[in-house]
Amino acid sequence: MLSGCSPLEGGLRDKVIAKVGKKKLRTSEAVAAIPAGLPAEDSLRMLEDYIEQWARRELKLQEAERVIGSSAVAEVNRMVEEYRYSLLGYRLD
């Protein structure tokens, strides 16, 4: 069913399939996470698991951002950017 098809093939549209707060999960994102070549039943099971994991992760992230506050979130974002630059620089070298 989902195996080997793009989100726009087979009648699938790139629609919102899950939403947590303002964050939305689209069909294309979920389908891209499923390996090609699986039987339809396995693809569907993996898709369901992916959606549930995505929703749990988003709920936890949104709760963390609410609890720790915007200044702490900004600090974490700054640290992530620094680490990203370090990783990219290391890769380049």
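Just so it is clear, the model here is predicted, and its values are computed rather than measured.

Caption draft 1: Focus on the overall build of the chain. Scanning the chain from terminus to terminus reveals three helices and two strands. Helices and strands in the chain line up, N terminus first, as β-β-α-α-α. Every one of the 93 residues in the chain was classed for burial, and the buried ones make up 16%. Across the chain, contacts joining residues at least 24 apart in sequence account for 46% of those joining residues at least 6 apart. Accessible surface, the chain: about 7300 Å² in total, of which carbon and sulfur atoms supply 56%.

Caption draft 2: Examining the pattern of salt bridges more closely. Overall, the coordinates contain six salt bridges when judged by the stated rule. Two residues, Asp42 and Arg45, come together in a salt bridge whose shortest N-O distance is 3.2 Å. Taken as a pair, Asp42 and Arg45 lie in helix 2 (residues 40–68) at a separation of three residues, close to a single helical turn. Arg45 sits in the partly exposed class, given a relative accessible area of 42%. Notably, a salt bridge pairs Arg66 with Glu63, separated by 2.7 Å at the nearest N-O pair. Of this pair, Arg66 and Glu63 both sit in helix 2, three residues apart, which is roughly one turn of that helix.

Caption draft 3: Representation of the side chain of Glu58. Mapped onto the elements, Glu58 comes out in helix 2. For the buried residue Glu58, which engages in no salt bridge, the nearest side chain bearing the opposite charge is Lys23, 4.6 Å off. Excluding anything up to four places from it in sequence, Glu58 contacts Val20 and Lys23.

Caption draft 4: How the structure looks around the confidence of the model for the chain. Residues of the chain with pLDDT of at least 70 account for 87%, and the chain-wide mean is 88. A low-confidence stretch, residues 1–11 stays under pLDDT 50, and its non-local contacts, those more than four residues away or across chains, total 21 contacts.

The rules we used
Residues numbered from 1 in each chain as written. Predicted model: local features only at pLDDT ≥ 70, side-chain atom pairs only at ≥ 80, totals over all residues. Heavy atoms only, no water. Helix = DSSP H or I, 4+ residues; strand = E, 2+ residues; numbered from the N terminus. Buried < 20%, exposed > 50% of the residue type's maximum accessible area, 1.4 Å probe, protein only. Contact = heavy atoms within 4.5 Å. Areas by Shrake-Rupley, 256 points an atom, 1.4 Å probe, with all protein chains shown as cover. Salt bridge = Lys/Arg side-chain N within 4 Å of Asp/Glu carboxyl O. Lys, Arg positive; Asp, Glu negative; His and termini not counted. pLDDT = per-residue confidence, 0-100.

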